[in-house]
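# Remarks on the overall topology
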Amino acid sequence: MSDRIYTLSGYLYEYQKSVTQPEEFWARIADSFHWRKRWSKVLKWNFDEPNVQWFIGGKLNITENIFERHLFTIGDRPAIIWEANDPNEAGRTLTYKELFYEVNRFANALKSRGIGKGDKVIIYMPMVPEAAIAMLACARIGAIHSVVFAGFSSSALADRVNDCEAKAILTSDGNFRGSKKIAVKAVVDEALEKSSVETVIVYERTKQEVTMKEGRDFWWHEVIASESEQCPAEEMDSEDMLFILYTSGSTGKPKGVVHTTGGYMVYSQYSFDNVFQYSEGDVYWCTADVGWITGHSYIVYGPLLAGATTLMFEGVPTFPDAGRFWAVVEKHKVNVFYTAPTAIRALQAYGTEPIQKYDLSSLKVLGSVGEPINEEAWHWYHTHIGKNKCPIVDTWWQTETGGIMVSPIAGITPTKPAYATLPLPGVQLCIVDPEGNELTGNSVEGNLCIKFPWPSMIRTTYGDHERCKQTYFSTYKGMYFTGDGVKRDHDGYYRILGRVDDVINVSGHRMGTAEVENAINEHPKVIESAVVGYPHEVKGQGIYAYVIADLTNRTEDNLINEIKEMVSKIIGPIAKPDKIQLVPGLPKTRSGKIMRRILRKVAEGSLDNMGDTSTLLDPDVVTKIIEGKK
Ligand code: PRX
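Figured I'd write up the structure that's included with this text. (Residues numbered from 1 in each chain as written. Predicted model: local features only at pLDDT ≥ 70, side-chain atom pairs only at ≥ 80, totals over all residues. Heavy atoms only, no water.)

What follows concerns the pairing of strand 15 (residues 255–260). Burial analysis of strand 15 places six of its six residues in the buried class, which makes it a mostly covered element. Of the two faces of strand 15, both are covered, the one formed by K255, V257 and H259 as well as the one formed by G256, V258 and T260. Bridging between strand 14 (residues 241–247) and strand 15 involves six bridges; their strand directions are antiparallel. Its bridge partner lying in strand 15, M241 is registered against T260. (Buried < 20%, exposed > 50% of the residue type's maximum accessible area, 1.4 Å probe, protein only. Helix = DSSP H or I, 4+ residues; strand = E, 2+ residues; numbered from the N terminus. Pairing = 2+ DSSP bridges.)

See below:
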């Protein structure tokens, strides 16, 4: 592969080139893809509006770049290896050719139901190959997919269906997760009481009973039964929307991050190839869920564009026991393994015994994503999983960036525990102080911004461009603001310090504090609440909620449980607060602003130095909160 970085000096050379001649650099990378019509201009941009366009005028279909581009050479290579939740259930392997046919058949089925270019399709499915087939089938016909993590509640799903005005939902009857069988279609039915779509297609996975609404609901196997395995790809413009993915921000309502076709395609393959140093024949496994950006870019699009073999796992790391990940590595001879620090920490707690039973000698590269990896977890991963021979790529990026931004190039960039190290070519980082002044040189700490566009960056927030502008491009003029704090050390290496806004990162999942507060406030006994993150041994951050409530007819424990259930119902179990403290008041300034800094300190247990509390309306409230902490 001509775009592959092989040495550290090669990386430095490419990086320089990407900064001094960005258009030439990206044109060269993009030229290895199949464009029905080549672009007329590589890049147009303006961060004030913001308006960013890549490969302008280019026409293509991303699935042609997965399939037709190299079907003759790799048609019989495994594209997806699927490992079921239950180790006793046979898995499945789909070659590129088989996947191509399945995608086409399902694409035709969508067309037969009147779904076409520009229509929005929600995918609410378990981790089965059909989830990837659904995404690719949408892309094939130019429909815009929006995958919603199947752990989200019916009202979270309904919000997303309504926000993007989805025409169809692709789902399953149920979902196997560890020892549990979870209803999925029933959640869709509930969501559709608050929203509506024309079509629901249900993949039969658990065979549990479901209700099917005549004229709206169809079985997956029935709709594809008579469809042809040939489906011409729709011609898309480089800047046509490929997908919308909802993510949490500092305000209550999740926002639909929009990614477009050409730039996302180029960047997802380029970053996949280089970061993981994937070589032909390798088995690559990313343990994320397709409901998150990691699943989009590094289970589906990046690896499949690269002609890689991508493993999809339906289950959880601890079922049937804490050795499951390692059993899967041994069974499929996994070469590249990409997971989240929270999973590493959770498994660390079981000791090394569950690992020792398995042969992990196939592993060559390990990856980490989603949150800062602490040094202890890094060393454990390196020693016990990588046996001190596998480089770890700590990859920093976001839903909005579409692809990995800061990461070692596996085996090439010297690593340092807990450091994401250096930016990928094309990524121009900038550290700023709170006033927005760039902090140059090494050994500096501040807020992380990006000052030049990259191909897979967010284009807008669906239906609300102003929100995109305010959230990312207004804090610091002329720059994209990531929301993360960062340190550049004496070697120029980057270490991500975590969010500096009202977003918390729970087990690598993003949660807006306002979103959780809104859900808590739905409880009739709740008067007001404030949510902050606090350090959690396994999850990275836990959710700590301070709640002012009316206790009439309730005991404290009752109310706390009811509030937890409420949040679980409104958002999903991932948003359930770990701790709820009932408080008589919240620390507010005279202008009514909650001083979260104080609440964070109390939550993390650093109670001695509260800093300046003189601006508080009622400083006594802090003492009462501290006294009430259990
Ligand atoms: O705070 C950073 C953290 O996750 C946030 C992005 O979350 P999300 O959009 O859900 O995407 C997660 C998967 C890409 C970032 O703002 N984050 C992600 N990767 C890392 C990280 N923090 C530290 N180190 C990382 N490697």
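Okay, back to it.
Summed over the entire model, instances satisfying the criterion amount to 42 salt bridges. A salt bridge links K569 to E190; the nearest nitrogen and oxygen atoms lie 3.8 Å apart. In this pair, K569 is assigned in helix 18 (residues 556–570) and E190 in helix 8 (residues 185–191), connecting sequence segments 379 residues apart. The class of K569 is exposed, set by a relative accessible area of 55%. When salt bridges that share partners are traced, they join K185, D189, R216 and D217 into one network. (Salt bridge = Lys/Arg side-chain N within 4 Å of Asp/Glu carboxyl O.)

Strands in a sheet are paired, the pairing made by backbone hydrogen bonds, and the direction either parallel or antiparallel. Read across the sheet, seven strands follow the order 5-4-17-16-18-19-20 without closing on themselves; strand pairing throughout is mixed. Strand pairing shows two members of the sheet lacking a second neighbour, strand 5 (92–95) and strand 20 (392–395), which therefore form its edges. Here the average twist between neighbouring strands, direction ignored, is 20 degrees. (Axes fitted to C-alpha atoms, helices over the stretch in contact; angles between N-to-C directions.)

The next point concerns the environment of Y381. Here Y381 shows up in helix 15 (residues 375–385). Classification of Y381 by relative accessible area gives buried; the value is 0%. Separated by 36 residues in the primary sequence, Y381 and R345 place their C-alpha atoms 9.1 Å from one another. Each residue touching Y381, except ones within four places of it in the same chain, is listed here: F337, T339, I344, L366, G367, I373, G386 and I392. A polar side-chain atom of Y381 sits 2.7 Å from the main-chain carbonyl oxygen of G367. (Contact = heavy atoms within 4.5 Å. Polar contact = N/O pair within 3.5 Å; in protein donor to acceptor, adjacent residues only side chain to side chain.)

Let's shift gears to the packing of helix 1 (residues 8–20) against helix 2 (residues 22–30). Here helix 1 crosses helix 2 at 120 degrees, and the two axes come no closer than 5 Å. Comparing the axis directions of helix 1 and helix 2 gives the class oblique. Of the residues in helix 2, those touching helix 1 at E14, K17, S18, V19 and T20 are P22, F25 and R28. Residue composition of the contact of helix 1 with helix 2, grouped by class: three nonpolar, two polar and three charged. (Parallel < 35°, antiparallel > 145°, perpendicular 65-115°, else oblique. Nonpolar A, V, L, I, M, F, W, Y, C, P; charged D, E, K, R; others polar.)

The peptide bond linking E49 to P50 adopts the cis configuration, its omega dihedral lying at -20 degrees. Within the element layout of this structure, P50 appears in the loop between strand 1 (41–46) and strand 2 (51–56). Going from F319 to P320, the amide bond is cis rather than trans, its omega being 0 degrees. Locating P320 in the fold gives a position in the loop between strand 17 (309–313) and helix 12 (324–332). Of note in this structure, F55 is not a glycine but carries a positive phi near 55 degrees. Tracing the chain through its elements places F55 in strand 2. The backbone of N553 sits at a positive phi, close to 65 degrees, despite the residue not being glycine. Within the secondary structure, N553 sits in the loop between strand 29 (540–549) and helix 18. The exposed category is assigned to N553, whose relative accessible area is 68%.

As a further point, take the side chain of E400. Relative to the assigned elements, E400 resides in the loop between strand 20 and strand 21 (429–432). Residue classification places E400 among the buried positions, given a relative accessible area of 1%. Within polar-contact distance, the side chain of E400 engages the side chain of Y472 at 2.6 Å. Beyond its immediate chain neighbours, meaning those up to four positions away, E400 contacts T247, K255, V257, H259, W454, S456, M457, I458, Y472, Y480 and R510.

In this section: the site of the ligand. Looking at the ligand, there are 17 residues lining it, with D394, T395, T399, D484 and R510 nearest. Q398 places a polar side-chain atom, nitrogen or oxygen, 2.9 Å from an oxygen atom of the ligand. In this structure, R510 approaches the ligand through a side-chain N or O atom, which is 2.7 Å from an oxygen atom. In the complex, the protein chains occlude 96% of the 540 Å² of accessible area that the ligand would expose alone. Counting only elements with at least two residues in the shell around the ligand, the list comes to helix 11 (293–305), strand 20 and strand 25 (494–499). Split into classes, the residues belonging to the shell around the ligand amount to six nonpolar, six polar and five charged. (Near = heavy atom within 4 Å. Areas by Shrake-Rupley, 256 points an atom, 1.4 Å probe, with all protein chains shown as cover.)

What the rule picks out here adds up to 46 aromatic pairs. Between Y264 and Y301 the ring centres are 5.6 Å apart and the planes differ by 90 degrees, which places this aromatic pair in the edge-to-face class. Here Y301 lies in helix 11 and Y264 lies in helix 10 (residues 261–276), a separation of 37 residues in the sequence. According to the relative accessible area criterion, Y301 is buried, its value standing at 0%. With centroids separated by 6.5 Å and ring planes inclined at 75 degrees, the aromatic side chains of Y472 and F473 adopt a geometry described as edge-to-face. Y472 sits in the buried class, given a relative accessible area of 3%. Taken together, the aromatic side chains of F25, W26, W35, W39, W54, F55, Y267 and Y270 make up a single cluster linked through ring pairs. Above the plane of the ring of F218 lies R113, whose end atom (NZ or CZ) is 3.8 Å from the centre. In this arrangement the basic side chain of K416 is found over the ring face of Y493, its NZ or CZ atom lying 5.0 Å from the centre. (Phe/Tyr/Trp six-rings, centres within 6.5 Å; stacked < 30°, edge-to-face > 60°. Lys NZ or Arg CZ within 6 Å of the ring centre and 35° of its normal.)

Taken in spatial order, the four strands of this open sheet run 21-22-24-25, and their pairing is antiparallel. At either margin of the open sheet sits one strand with a lone partner, and together these are strand 21 and strand 25. Averaged over neighbouring strand pairs, the angle between their axes works out to 45 degrees when direction is ignored. Bridge count for strand 24 (residues 480–488) against strand 25 is five bridges, and the pairing is antiparallel. From the neighbouring strand, G485 faces strand 25, where its bridge partner is G498.

Here the focus is the nonpolar core. Among the nonpolar cores identified, the biggest contains 124 residues, and W26, L99, F106, F276 and Y301 are the most heavily contacted of them. In terms of residue count, the dominant contributor to this core is helix 6 (residues 129–141) (10 residues). If near-sequence neighbours (up to four positions away) are discounted, W26 is found in contact with V42, W54, F55, V266, Y267, Y270, P425, G426 and P455. Formed by 46 residues, the second largest nonpolar core is a distinct cluster that contains V148, I504, V531 and I560. (Core = buried A, V, L, I, M, F, W, Y, C linked by side-chain atoms within 4.5 Å.)

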